Amino acid sequence: MSVTVAALTFGIIFLAELPDKTALASLVLGTKYRASYVFAGVAAAMLVQVVLALVAGQLLSLLPHRWVEGVTGALFLVGAAMLLFHGDEDEEGHAAKEPSSNRFWKVAGTSFLVVAVAEFGDLTQIMTANLAAKYTDPLAVGLGSWLALCAVGGIAIVGGQKLLKHVPMKLIVRVAAAIMVVLAGISIFGAITG
């Protein structure tokens, strides 16, 4: 296993995941439930997503670079739109989907499902698949990616509890959506210019 590939993967995935909807989902869950229970569900969901990305890495390497950039840009725009236009509904939707108790399996299971769905087909999953296709070291890519995803999830969970004491959730959602629009522009520009 290459430590260099793992470190490179960690850095790329960590930075890409920071403005992601999965980090926001972790932040919201972390404000409502015990942090360790939420983190267990988030870490398990991220592991499943990384394994799927590693498997898809070989298939993704067959697509032209412009297509990957275009799809990535479109996903960012869709994510930004979902954050902006469904932010208030999601707030109410979370209340309806809360676990019936604060027990470990209920909270971890809910966290797992929310993050697994949010992360499926996500930019970082595509990036992990790209890195797995580029390097012939799936263990290093997988470990670097999973550790980066867990680090962002942990920061979001713990930081979310402190952040919401000072900053309203509506502002956090708007800032995250703005970052996603910028990243969409960069990806779409990359798709056009090749």
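As the structure is a computational prediction, the values presented were derived from the model and not from experiment.

Chemist: For this particular structure, what's the right way to read the overall build of the protein?
Modeler: Scanning the protein for helices and strands turns up nine helices and zero strands. Secondary structure elements in the protein, listed N-terminal to C-terminal, are α-α-α-α-α-α-α-α-α. Here the protein holds 194 residues, and the buried ones make up 42% of them. Considering only contacts within the protein whose residues lie at least 6 apart along the sequence, 91% involve residues at least 24 apart. If you sum the accessible surface of the protein, you get close to 10,300 Å²; carbon and sulfur atoms cover 71% of it.

Chemist: How should the nonpolar core be read in this particular structure?
Modeler: Most often, soluble globular proteins keep nonpolar side chains buried together rather than apart. Within the largest apolar cluster, 26 residues are counted, with the highest numbers of intra-cluster contacts made by Val38 and Val42. Taken together, the elements giving at least two residues each to this core come down to α1 (3–17), α2 (21–32), α3 (35–60), α6 (104–119), α7 (123–134) and α8 (138–163). A total of seven residues in this core trace back to one element, the largest contributor, which is α8. Setting aside chain neighbours within four positions, we find valine 38 in contact with Ser26, Leu29, Gly30, Tyr33, Val107, Ser111 and Ile157.

Chemist: Looking at this structure, I do not really get α2. What am I missing?
Modeler: Three or four residues apart is the spacing at which side chains of an α-helix point the same way, because the helix has 3.6 residues per turn. Here α2 spans 17 Å end to end across 12 residues, near enough to the 16 Å set by a 1.5 Å rise per residue. Taking burial as the measure, the 12 residues of α2 include nine buried ones, the bulk of the element. Considered for burial, the residues of α2 that qualify are Thr22, Ala23, Leu24, Ala25, Ser26, Leu27, Val28, Leu29 and Gly30.

Chemist: Sorry if this is basic, but what is going on with the environment of valine 181 here?
Modeler: Looking at the secondary structure, you find valine 181 in helix α9 (residues 169–193). Here valine 181 falls in the partly exposed class, since its relative accessible area comes to 42%. For the pair valine 181 and leucine 77, spaced 104 residues apart in the sequence, the C-alpha separation amounts to 5.8 Å.

Chemist: What am I meant to see in the environment of alanine 129 here?
Modeler: With respect to the helices and strands, alanine 129 occurs in helix α7. For the pair alanine 129 and leucine 52, spaced 77 residues apart in sequence, the C-alpha separation works out to 8.3 Å.

Chemist: Just checking my understanding: could you explain a nonpolar patch on the surface for this structure?
Modeler: Residues Met1, Phe10, Leu139, Leu143 and Leu147 make up a contiguous nonpolar surface patch of about 450 Å² in total accessible area. Per element, the largest residue contribution to the nonpolar patch is three residues, and it comes from α8. Structurally, leucine 139 can be placed in helix α8.

Chemist: What am I meant to see in the packing of aromatic side chains here?
Modeler: Here a ring pair, both rings aromatic, is described through the centre-centre distance and the interplanar angle of the planes. Within this structure, the stated rule accounts for three aromatic pairs. Measuring from ring centre to ring centre gives 5.7 Å for phenylalanine 10 and phenylalanine 14, while their planes differ by 15 degrees; the resulting arrangement is stacked. Remark: phenylalanine 14 and phenylalanine 10 occur in helix α1; sequence separation between them is four residues, near one turn of the helix. Pairing tyrosine 37 with phenylalanine 104 gives two aromatic rings, centres 5.2 Å apart and planes at 90 degrees, and the pair type is edge-to-face. Taken together, the residues span a long stretch of sequence, with tyrosine 37 in helix α3 and phenylalanine 104 in helix α6 at a distance of 67 residues. Residue class for tyrosine 37 comes out buried when judged on its relative accessible area of 18%. By relative accessible area, which is 30% here, phenylalanine 104 ends up partly exposed.

Procedures and definitions
Residues numbered from 1 in each chain as written. Predicted model: local features only at pLDDT ≥ 70, side-chain atom pairs only at ≥ 80, totals over all residues. Heavy atoms only, no water. Helix = DSSP H or I, 4+ residues; strand = E, 2+ residues; numbered from the N terminus. Buried < 20%, exposed > 50% of the residue type's maximum accessible area, 1.4 Å probe, protein only. Contact = heavy atoms within 4.5 Å. Areas by Shrake-Rupley, 256 points an atom, 1.4 Å probe, with all protein chains shown as cover. Core = buried A, V, L, I, M, F, W, Y, C linked by side-chain atoms within 4.5 Å. Expected span 1.5 Å × (residues − 1). Patch = residues over 30% accessible without salt bridge, like charges linked within 9 Å, V, L, I, M, F, W, Y side chains within 5 Å. Salt bridge = Lys/Arg side-chain N within 4 Å of Asp/Glu carboxyl O. Phe/Tyr/Trp six-rings, centres within 6.5 Å; stacked < 30°, edge-to-face > 60°.

No statement about biological role is implied by the geometric values presented.
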